[in-house]
Amino acid sequence: MWLEIICGLIIYQLYRLFFYGSSNALDVKTSDFNAIFSVANRLEKICGGKAYVGLNIPDADTGGRSHRKECLPDPVAEVKKRVSVLESYLEQRGFALPEGYFSYKVIIPNPNFREIYRNFPPEVITYDQWVQLEPEPKSMMFGWVKGAFHGGKKAMQDSFHQQLNFILGTAPMWDRLELKGSKYILGEFLEFKGKEEDTQALRHIKRSKVGHITIQKTSMLGLARSRLQVVYYPRDYRSEGTSTLDWREVEARSSTEVLFHPSNSNKVRKYKLSSIISMSLSA
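In what follows, the accompanying structure is described. Please read these numbers as outputs of a predicted model, since none were measured by experiment. (Residues numbered from 1 in each chain as written. Predicted model: local features only at pLDDT ≥ 70, side-chain atom pairs only at ≥ 80, totals over all residues. Heavy atoms only, no water.)

Thoughts on the overall build of the chain
The number of helices and strands found in the chain is 8 helices and 10 strands. Looking at the chain alone, contacts between residues at least 24 apart form 65% of all its contacts between residues at least 6 apart. Carbon and sulfur atoms make up 49% of the accessible area of the chain, which totals about 16,000 Å². (Helix = DSSP H or I, 4+ residues; strand = E, 2+ residues; numbered from the N terminus. Contact = heavy atoms within 4.5 Å. Areas by Shrake-Rupley, 256 points an atom, 1.4 Å probe, with all protein chains shown as cover.)

Structure follows, in structure tokens:
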């Protein structure tokens, strides 16, 4: 059971320098998030569990959400702090963790970063360790993963795991924007901008009512390039997530813009509907 949920208990932090270095000219607005999702997907395949990406748990010391961009000289110290924030959040929701249950690692998926520092602290998973990691049988636990993620007692009740996964699955999350070209952005959806006709058609898409939207090409001949179908799924508060049965759709010009505030930026960005595949909104 532990291996099945191991990815759900991972706290890790990925920094731009770890991915690309400071002189790379890649699109930094999406590259950070793509790397995070790439690491999370690989962890899920290796460990057979679930990695929670985009957790936005408020820090009582800083007053909650913040888009402030920080220069963090010590990633290990930052991750340690985030573990403390998570533990406090779980306690607030009435979930008592065994002492020492959480541990943490900083993952370096950038091959160039290994040349910068020679000696890493034990909390860092180097690039060489990362690429050599392969799935193991559930009856086995490979060395550094056991040291990184094993904590507390081995024989835990299923109800304990279920409760923990439920809390993590319903914890505050960043909104998620998926763009064409397999690009992802975490942040906060603000509003739609465009012609009044289009914004009126989209007025019902609010986070209190809608949990997910997808953008599709319209089937109308002649207008296929100028208009798009926006399919949205009302939020279902009776269960987790959204209702996939009660979906609705409206049409809007492809030039209509989504105002979105990326979590790694101080600026609000604009994205045209024509560049968007889907958007998930946190409650």
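Some remarks on the sheet that holds strand β9 (residues 269-272)
Read from one edge of the open sheet, 8 strands run β7-β6-β5-β10-β3-β4-β8-β9, paired in antiparallel fashion. Here the strands that pair on one side only, and so sit at the sheet edges, are β7 (248-253) and β9. The sheet shows a mean angle of 35° between the axes of neighbouring strands, direction not considered. (Pairing = 2+ DSSP bridges. Axes fitted to C-alpha atoms, helices over the stretch in contact; angles between N-to-C directions.)

Brief notes about helix α4 (residues 75-92)
With 18 residues, α4 extends 26 Å between its outermost C-alpha atoms, agreeing within 8% with the 26 Å of an ideal straight helix rising 1.5 Å per residue. For α4, the complete set of buried residues consists of P75, V76, E78, V79, V83, V85, L86, Y89 and L90. (Expected span 1.5 Å × (residues − 1). Buried < 20%, exposed > 50% of the residue type's maximum accessible area, 1.4 Å probe, protein only.)

Here's the deal with unusual backbone geometry
One non-glycine residue, S182, lies in the positive phi region at around 55°. Its location among the elements puts S182 in the loop between β3 (175-179) and β4 (183-193). According to the relative accessible area criterion, S182 is exposed, its value standing at 56%.

Observations regarding the side chain of R235
Tracing the chain through its elements places R235 in the loop between β6 (227-234) and β7. It turns out R235 is buried and unbridged, and the closest side chain with the opposite charge, D175, is 6.6 Å from it. Side-chain polar atoms of R235 contact the backbone oxygen of R207, separated by 2.9 Å. From its side chain, R235 meets the backbone oxygen of L281 in a polar contact 3.0 Å long. (Lys, Arg positive; Asp, Glu negative; His and termini not counted. Salt bridge = Lys/Arg side-chain N within 4 Å of Asp/Glu carboxyl O. Polar contact = N/O pair within 3.5 Å; in protein donor to acceptor, adjacent residues only side chain to side chain.)

Things to note about the packing of aromatic side chains
For the structure on display, the rule yields 2 aromatic pairs. For the cation-ring pair, R42 lies above W130, with the distance from its terminal atom to the ring centre recorded as 4.7 Å. The positively charged end of K50 is found above the aromatic ring belonging to Y52, 5.2 Å away from the centroid. (Phe/Tyr/Trp six-rings, centres within 6.5 Å; stacked < 30°, edge-to-face > 60°. Lys NZ or Arg CZ within 6 Å of the ring centre and 35° of its normal.)

Focus: the pairing of strand β5 (residues 210-217)
Here 7 bridges tie β5 to β6, and the two strands are oriented antiparallel to one another. Across the sheet, the residue bridging to K217 is L228, located in β6. Sheet topology note: the β5/strand β10 (residues 276-280) ladder contains 3 bridges and is antiparallel. Across the sheet, the residue bridging to H212 is S280, located in β10.

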